[in-house]
Amino acid sequence: MARRSNNLLAGLLWTAPWWLGFLLLLALPLAFSLYISFCDYPMLQPPLWVGGANYAELVHDGVFHKTISNTAVFAAVSVPLTTVVAIGLALLLNLSVKGQAFFRACIFVPTIVPMVAAGAIWMWMLNPDFGPIANLMRAMGVDRPPLWLDSPDWAMGALVLVSLWFVGSPVVIYLAGLQEIPEELYEAARMDGASAPRRFWHVTLPSLSPVVLFNVIISVIGAWQVFALPYMMWRTRPGPDRATYFYSMYLFDNAFNYLKMGYASALAWIQLLIILVLTGLVFLVSRRMVHYRAA
Amino acid sequence: MKNQAPKLRGPSAIVSYAALSVVSLLFLVPLIWMACISFKPAREVGLPHILPKEPTLSPYAAVIGAGASASGVRVDAKGETERRETGAFNYALYARNTLIIVVLSLIGMILSSAIAAYGFARIDFPGRRAMFAVCLATMMIPFPVIMVPTYMIFRELGWIGTLMPLWAPAWFGSAFNIFLLRQFFMGIPRDLEESAMLDGCGRWSCFWRVILPLSTPALAVVALFHVLAVWNDLLGPLIYLSHQDQFTLSLGLQFLQSRSGDTPWNQLMAAATLMILPVVALFLIAQRSFIRGIATTGLKG
């Protein structure tokens, strides 16, 4: 025990980078953020306590409702879609064929493209006048291809499409998960006469479920913070009918364009709550569906 | 035992090759298109053919910015809306700024994360478990929640409009990297250090001479992801930088795109190509570390 408390000083010294950063750059800002979320704080004057006024304002703020529903729709569409596409691609890339490494690299390369560059590329691909996708659709006989980024009906779909381009990182995680599944399980299933779909359903998917859970949580958190891509693609025009105005963009605008720091902080805390609640829900729902193999 | 499906033969091999080729092409097409447009002269940009008929380097000349000095207009905290058109993209300058942030933050990130991770992995001190639990919990907190107060802190320090806020925080490490390195350090047999300590090696020199050299794979993963994150970051530069002389590549490209009027597509694509090339090169060099990094963070995270 004496030895252990002797270690206290050493332990605190070694971990100092972390706890100093935690206190200065996380705990302090968090406390301050919570405080100013109850204040009127236009940055240039000191914060003025207004109680729950910021949170009360949220209830009547139409733009807040719009951004929250946009973000929810984006998360609700992109998370399941990404999951299904990623598992499908992982199965395809797990087939043992020549050139497997090359195919894997092709799927993965887009994920290292910076968001801003991806935004620029896809603004071109989806350009309604002379972008390749519009050209292709015209060639296939579609007279008036969608306006994509400029159309309230298609803008969200366009963003989901672009976010699918980044499916490579979950694919790599699923691939690693697939490699961990013991071959004996498949052999046993084959002996029992299970067809390929049944093997996928009863062996692959349950074995992969902890990885699915991890990926779903990461992508839910990511989807609720989506910022750089829509900011790049729709900054100059706020998006058709605000169809692509997302939560983080509204938060950013409140803080740094309207200088409503208090209101922005209230928005930030609501965002944190939403993320925590959703993560908790995913865990709850997954309890029956995730199978952990005894190590 | 690795699970390798049996080699495919016959029709199923053909079908899977076809599927793999189509999918791979779909993922690469946007990049190929970007590269092709970047070599097109302005009059060819709107034409449907993909390959430039008269390839030109002029879009690159316009954005590379070598020798040209960026003439910026000061912008206040209101930021984006007030920015005025101040000349095109300046790759040389923005790449330099981005590299400064990458290098300065990378050194701090690696050192601090490794030191703290060693503390959590090897020193048995009272409160260690609780502190590590807090460290893990902080990973859940999204940046926007602390964005405003963090901005205030840096404003008090007089750092707004400098590159400091973009690299200095890295010197406190990051919870995620500390976690990653701690897991790795835990896997290194203690005997190695103990025998070094018997030889009179202190903790500090053990860390430098035994632990760090054995951890290069994990350190490489941390470094790679850090470089990518800095290269990618738009929100940070958007908040803290106000002068075009300090723009990073991300902010510069966003700015180039946001300038009103019709965007010179070939220049935008040339700038995007130049921005992507270094990270793609990094990926090709360090492909194994990348894949392993994602796989392990994903599985053990």
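From a predicted model like this one, the values you see are computed outputs, not experimental measurements. (Residues numbered from 1 in each chain as written. Chains lettered and ligands numbered in written order. Predicted model: local features only at pLDDT ≥ 70, side-chain atom pairs only at ≥ 80, totals over all residues.)

1. Observations regarding the overall build of chain A
Tallying secondary structure elements over chain A gives 14 helices and 2 strands in all. The C-alpha atoms of chain A give a radius of gyration of 24 Å, which is well past the 19 Å a tight globule of 295 residues would have. Across its three principal directions, the C-alpha atoms of chain A cover 80 × 70 × 35 Å. Within chain A, the proportion of its 295 residues that are buried is 40%. (Helix = DSSP H or I, 4+ residues; strand = E, 2+ residues; numbered from the N terminus. Rg over C-alpha atoms; globule rule 2.2 N^0.38 Å. Buried ≥ 20, exposed ≤ 12 C-beta atoms within 10 Å, placed from the backbone.)

2. Overview of the overall build of chain B
Summing up its helical and strand segments, chain B has 14 helices and 0 strands in all. From first element to last, N terminus to C terminus, chain B shows the α and β order α-α-α-α-α-α-α-α-α-α-α-α-α-α. Expressed as a percentage of its 301 residues, the buried residues of chain B come to 41%. A separation threshold of at least 6 residues defines the contact pool for chain B, and within that pool the share at least 24 residues apart is 73%. (Contact = placed C-beta atoms within 7 Å.)

3. Overview of the environment of A:Ser78
Residues and elements named next belong to chain A. Note that Ser78 resides in helix H4 (residues 62–94). Given 22 C-beta atoms within a 10 Å radius, Ser78 is considered buried. Considering only alpha carbons, one finds Ser78 and Ala53, 25 residues apart in sequence, at a separation of 34 Å. With sequence-adjacent residues up to four places away left out, Ser78 is seen in contact with Val160, Ser163 and Ala223.

4. Describing the environment of B:Leu99
Relative to the elements of secondary structure, B:Leu99 occurs in helix H3 (residues 91–122). When the C-alpha positions of B:Leu99 and B:Leu249 are compared, they lie 9.6 Å apart, and in sequence the two are 150 residues distant.

5. With respect to the interface of chain A and chain B
Each partner contributes to the interface: chain A provides 81 residues, whereas chain B provides 83 residues. By residue number, the principal contributor to the side of chain A that touches chain B is helix H2 (residues 16–36) of chain A, which donates 13 residues. Grouping the amino acids of the side of chain A that touches chain B by side-chain chemistry returns 60 nonpolar, 18 polar and 3 charged. (Nonpolar A, V, L, I, M, F, W, Y, C, P; charged D, E, K, R; others polar.)

6. Digging into the nonpolar core
By size, the foremost hydrophobic cluster in this structure holds 157 residues, and its most contacted members are A:Ala117, A:Ala120, A:Val171, B:Leu253, B:Ala271 and B:Ala272. With 15 residues, the single largest contributor to this core is H3(B). Of the residues that make up this core, three or more belong to each of domain 1 (10–56) and domain 2 (79–300) of chain B. When near neighbours in sequence (up to four residues on either side) are disregarded, A:Ala120 contacts A:Met232, B:Leu253, B:Gln257, B:Leu268 and B:Ala272. (Core = buried A, V, L, I, M, F, W, Y, C linked by C-beta atoms within 7 Å. Domains from an automatic or database assignment.)

7. Regarding the domain arrangement of chain B
All names here are of chain B. For chain B, the assigned domains are domain 1 (10–56) and domain 2 (79–300). For domain 1 and domain 2, the distance between their C-alpha centres works out to 33 Å. Contacts between the two partners involve 7 residues from domain 1 and, on the opposite side, 7 residues from domain 2. Of the residues that constitute the side of domain 1 that touches domain 2, the class distribution is 5 nonpolar, 1 polar and 1 charged.

8. A few points about unusual backbone geometry
Residue and element names in this part refer to chain A. Positive phi, close to 50°, is recorded for Trp148, a residue that is not glycine. Even without being a glycine, Leu259 presents a positive backbone phi close to 55°. Classification of Leu259 as partly exposed rests on a count of 15 C-beta atoms within 10 Å.

9. Things to note about the environment of B:Ile294
Along the polypeptide, B:Ile294 turns up in helix H14 (residues 287–300). Taking the C-beta count within 10 Å as the criterion, B:Ile294 has 23 such neighbours and is therefore assigned buried. Separated by 200 residues in sequence, B:Ile294 and B:Tyr94 have C-alpha atoms that sit 28 Å apart. Among all residues touching B:Ile294, those that are not within four sequence positions of it are A:Ser169, A:Val172 and A:Ile173.

10. Some remarks on the packing of H2(A) against helix H5 (residues 143–156) of chain B
How two helices sit against one another is set out by the angle between their axes and by the gap between those axes. For the pair H2(A) and H5(B), interaxial distance at closest approach is 8 Å and the crossing angle is 105°. Considering the angle they form, H2(A) stands roughly perpendicular to H5(B). In this structure, H2(A) contributes A:Leu25, A:Leu26, A:Pro29, A:Leu30, A:Phe32, A:Ser33 and A:Ile36 to the contact, and H5(B) contributes B:Val145, B:Ile146, B:Val148, B:Pro149, B:Thr150 and B:Ile153. (Axes fitted to C-alpha atoms, helices over the stretch in contact; angles between N-to-C directions. Parallel < 35°, antiparallel > 145°, perpendicular 65-115°, else oblique.)

11. Digging into helix H7 (residues 175–186) of chain B
Residue and element names in this part refer to chain B. Between the first and last C-alpha of H7 there are 16 Å, a value that for 12 residues agrees with the 16 Å anticipated at 1.5 Å per step. Within H7, 9 of the 12 residues are buried, which leaves the element mostly enclosed by the surrounding structure. Along H7, the residues classified as buried are Ala175, Asn177, Ile178, Phe179, Leu180, Leu181, Arg182, Phe184 and Phe185. (Expected span 1.5 Å × (residues − 1).)

12. Side note on the packing of H4(A) against helix H8 (residues 155–164) of chain A
Residue and element names in this part refer to chain A. Here H4 crosses H8 at 35°, and the two axes come no closer than 10 Å. For the pair H4 and H8, the crossing hand works out as right-handed. Seen from H4, the contacting residues are Val73, Phe74, Val77, Ser78, Leu81, Thr82 and Val85; seen from H8, they are Met156, Leu159, Val160, Ser163 and Leu164. (Left-handed = near helix turned anticlockwise from the far one by under 90°.)

13. Quick notes on the confidence of the model for chain B
Low pLDDT means the predicted atomic positions in that stretch should not be read closely. Residues and elements named next belong to chain B. Summing up the model confidence of chain B, the mean pLDDT is 86 and the portion of residues at 70 or higher is 87%. By mean pLDDT, H14 is the weakest element of chain B at 70, and helix H6 (residues 164–167) is the strongest at 97. In this model residues 67–86 is a low-confidence stretch, pLDDT under 50, and it forms 32 contacts with partners more than four residues away in sequence or in other chains. Interface scoring of the predicted complex returns ipTM 0.90; its pTM is 0.89. (pLDDT = per-residue confidence, 0-100.)

14. Topic: helix H13 (residues 265–285) of chain B
Taking 1.5 Å as the rise per residue, H13(B) with 21 residues should run 30 Å; its terminal C-alpha atoms sit 30 Å apart, in good agreement. A bend of about 30° at B:Leu277 is the largest found in H13(B), and the proline B:Pro278 appears one to four places after it. (Bend = angle between axes of the 7 residues up to and from the residue.)

15. Digging into the confidence of the model for chain A
With 96% of its residues at a pLDDT of 70 or more, chain A has an overall mean of 91. Least confident of the elements in chain A is helix H1 (residues 2–14) of chain A, whose mean pLDDT is 82; most confident is H4(A), at 96.

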